[in-house]
Amino acid sequence: MTRQTVRTAQRGTTESAWVRYTLTALALAFMALFLVLPLAAVATEALRNGWDAYWEALKEPDAWAAIRLTLITAAIAVPLNLVFGVAAAWAIAKYEFRGKSFLTTLIDLPFSVSPVVAGLIYVLVFGAQGWLGPWLAEHDIKIVFAVPGIVLATIFVTFPFIARELIPLMQAQGNEEEQAAIVLGATGWQTFWHVTLPNIKWGLLYGVILCNARAMGEFGAVSVVSGHIRGQTNTMPLHVEVLYNEYQSVAAFAVASLLALLALVTLVIKSVVEWRSEREFKAVADLPPEPPSAPSTPANPSEPYVHVPLASRAAI
Amino acid sequence: MTTAALPSSAAGQRRAPARVLPGFNITLGYTLLYLSLIVLIPLSTLVFKTFTLTWPQFWEAVSSPRVLASYRLTFGASFIAALVNVVAGLLVAWVLVRYSFPGKKIVDALVDLPFALPTAVAGISLTALLAGNGWIGQYLEPLGIQLAFNPNGVVIALIFIGLPFVVRTVQPVLEDAEKELEEAATCLGATRWQTFSKVIFPTILPALLTGFAMAFARAVGEYGSVIFIAGNMPMISEITPLIIIGKLEQYDYAGATAVATVMLVISFVLLLVINGLQAWQRARTAGNSQ
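Figured I'd write up the structure that's included with this text. Worth saying up front: this structure is predicted, and the values here are computed from it rather than measured. (Residues numbered from 1 in each chain as written. Chains lettered and ligands numbered in written order. Predicted model: local features only at pLDDT ≥ 70, side-chain atom pairs only at ≥ 80, totals over all residues. Heavy atoms only, no water.)

Listed by partner, the interface residues are 92 residues for chain B and 98 residues for chain A. Carbon and sulfur atoms supply 79% of the area that chain B and chain A bury against each other, a total of about 8,600 Å² over both sides. At the junction of chain B and chain A, the tally comes to one salt bridge. One salt bridge in this structure joins Asp112 of chain B and Lys270 of chain A, with 2.6 Å as the shortest N-O distance. One can count 10 residue pairs in polar contact (both at pLDDT 80 or more) joining chain B with chain A. The residue makeup of the side of chain B that touches chain A, split by class, is 68 nonpolar, 14 polar and 10 charged. (Contact = heavy atoms within 4.5 Å. Buried area = accessible area lost by both parts, 1.4 Å probe. Salt bridge = Lys/Arg side-chain N within 4 Å of Asp/Glu carboxyl O. Polar contact = N/O pair within 3.5 Å; in protein donor to acceptor, adjacent residues only side chain to side chain. Nonpolar A, V, L, I, M, F, W, Y, C, P; charged D, E, K, R; others polar.)

And the structure:
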C-alpha cells in the first residue's frame, strides 16, 4: 500500500473540520438545553429569595420529616436488594439450571412496569379492599398509606438494579477462582469474602449507587401508596410536589435542590467507579503473560478474562 | 472450565463442575422467595383482580373516550420523544466516541443525569424553564409558542427522560466498530456520507432500534416528570398513568386495575421486542467477530 492510499484511508475515517465542529456544537447545545439548564433552574429558583429563605425552607419540620423518611426508606430498600442481588447473581452466574434465562427476565420485570402500576399492585394486595385488607384491618396493621407501603414500593422499583449489574460481571469471571479456593479447603463464606467479593466490588458499588439514587428519588410508585400525609408519609419527592402545588416555589425548589445534589453526587461516584474499574482491568491486561507451567486449557481460549464494562443499562 | 481440577469421581458427570461451589440451594431458594414476595405475587393480584371484572365492565373502563384520548397522548408523545432521542442520542454518542473536545468526560457523565435525577425534580425544573415567565418560555410566549401545560410539554419531559437510553446503547457499538471497514470503503472510492450510510449505519442500527424501544417503553410508563408540565387537562394533556391515579382517588379500583392491565400487557410486549432486538444485536456482533 502506498503512503498516499494510507492517507486517503485514514482521512476516510473522519470528517472535515467544519463538520466535526458543527456536530460537536450541536450535541453540546442539545445537552446544555436539556440537561444543564434544568439543573441551573433548580439552583436559581431555590435561591431566588436568598440563602436565608433557602435554609428556612429546609429547616421546616415537614421538610425534615420528608428527608428522614427518604433516608429510612433507602436504608431499608437498598440493603435488602443488595442481599437479593448477590444471592441471585451467585445462583445465576455460578450454576447451570433449567429456566435460567426465564428467571433473569423475571428479575428485570420491575423495570418494564410503570411506576404507577407498581404502586397500584400493593394497594390491591394490602389496601382496604385488597386481598389482605380485611385481615390487616382486624389486626390493626397499616401497610398501604403508611411507611411500610412506601418501603415496599421502593423495593419493587429498585429491585433489579444490583442483580443485573452483578449477573453479567460474575458470568464473565467464571468459576475457576472459586473452585480453586474450595478445592484448597476454603469454606463457602471464605470463598465469597476473599475471592468473589474483591472481584465484583466495583460492579457491586455501581449497582448500589444507582439503586440508592432511584430509591431516594422514586415518585410515581411511592405517590400511589403514600397517602400524602404531611410530615408522616411524604418522602422528599412527594414533599416537593406538595410544596409546588401550594405555590411555595422557593421551598419546593430548595428540597428539590437536595435531590439534584444527590443526583450529581451519584454521577460523580459512578464516574469514579467506572474509571477505577477500567484502570484495574487495564493493569491486569498489561501484566506480562504467565509462562505455561501446567497443562491447562482456559475456559475460553481466545479471551481468558472478559472485561464487562459497568453499564447503567437501566431502568425502563 | 477444566475437568482436571475436579475430583475424579465427578469427572464423568456433565453438571458436576457446578457442584464444587456451595450455596446453590440457598441462593436460588432465596432468589425465588424474594422474587415471589416482592414482584410475582403482587403483580398476579392485578391479573386476578382483572378477571373478577365482566367483559363489558373491562371494556367500558379501558375504552371510554377520556381513556382513549390518554392512550393517544401517551403513545403519540412517547413515539415522538423516542424519535427525537434517536437523532439526538446518535449525535451525542457519535461526538463522544469520535471527536475529542475539552470537558468530554464531564459531558459523558452528564448523559446519565436523567437516570439519576428524581423525576419530580426534572418535572418542576422543566416547567419552571418553559412556563410563560420562565427562562425559555418568556421568549417563546410572544411568538405564540407554548411548550408547557399542553401536549408539547409532555413530549419535552419524555425527551429528557429517554435521552440516555439511545446514547448508552449506541456508544459501545460505535466504540467497537472496526475502522478498517471505513478505511476499505474510502479506498474503494466511497464518500464519507456513503461510508456512514452504507457501512457505519447498518452496524449501529440494532443498537439504535434497541435504544428507541427502551426510550419508548420508559416514556409510556413515565409519570413523575410529566404531570408537572402537562397541565393535565382531560382529553387534551392527561397521560394514561394519571388516569389510573385519578380512578384510584375516586376509589374506582376496578377501573384502575383494568387500565393498569392494559399498560402492563403493553410493557410486556415492549419487553419482548427489546429482548428480541438485543438478541439480534448480539448475533450481529458475534457474526462480526468471527
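Residues and elements named next belong to chain A. With respect to the helices and strands, Thr70 occurs in helix 4 (residues 61–94). There is a polar contact of 2.8 Å between the side chain of Thr70 and the backbone nitrogen of Met236. Excluding its chain neighbours within four sequence positions, the residues that come into contact with Thr70 are Met216, Thr235, Met236 and Pro237. (Helix = DSSP H or I, 4+ residues; strand = E, 2+ residues; numbered from the N terminus.)

Time to look at the pattern of salt bridges. According to the stated counting rule, one finds 19 salt bridges over all chains in the structure shown. Glu56 of chain A is the partner of Lys59 of chain A in a salt bridge, and the nearest nitrogen-oxygen pair spans 3.9 Å. Placement of the pair is Lys59 of chain A and Glu56 of chain A together in helix 3 (residues 50–59), with a separation of three residues, close to one helical turn. You'll find Lys59 of chain A and Glu56 of chain A in the same group, each marked exposed. It is possible to trace a salt-bridge network through shared partners that takes in Lys270 and Glu274 of chain A together with Asp108, Asp112 and Arg168 of chain B. (Buried < 20%, exposed > 50% of the residue type's maximum accessible area, 1.4 Å probe, protein only.)

This paragraph deals with the nonpolar core. Within the largest apolar cluster, 196 residues are counted, with the highest numbers of intra-cluster contacts made by Ile107, Phe156 and Leu166 of chain A together with Ile38, Leu117, Val170 and Ile244 of chain B. Apart from the residues within four sequence positions on either side, Leu166 of chain A is in contact with Gly85, Val86, Ala89, Ile200, Gly203 and Leu204 of chain A. (Core = buried A, V, L, I, M, F, W, Y, C linked by side-chain atoms within 4.5 Å.)

To continue, consider the packing of helix 11 (residues 188–217) of chain A against helix 14 (residues 249–286) of chain A. What describes two packed helices is the angle between their axes and the distance between those same axes. All names here are of chain A. Contact pair helix 11 / helix 14: the axes reach a minimum separation of 10 Å and the direction vectors enclose 170 degrees. Between helix 11 and helix 14, the angle is such that the two are roughly antiparallel. On helix 14, the residues touching Lys201, Trp202, Leu205, Tyr206, Ile209, Leu210, Asn212, Ala213 and Met216 of helix 11 are Leu259, Leu262, Thr266, Ile269, Lys270, Val273, Glu274, Arg276, Ser277 and Glu280. A breakdown of the residues in the contact of helix 11 with helix 14 according to their chemical character gives 11 nonpolar, three polar and five charged. (Axes fitted to C-alpha atoms, helices over the stretch in contact; angles between N-to-C directions. Parallel < 35°, antiparallel > 145°, perpendicular 65-115°, else oblique.)

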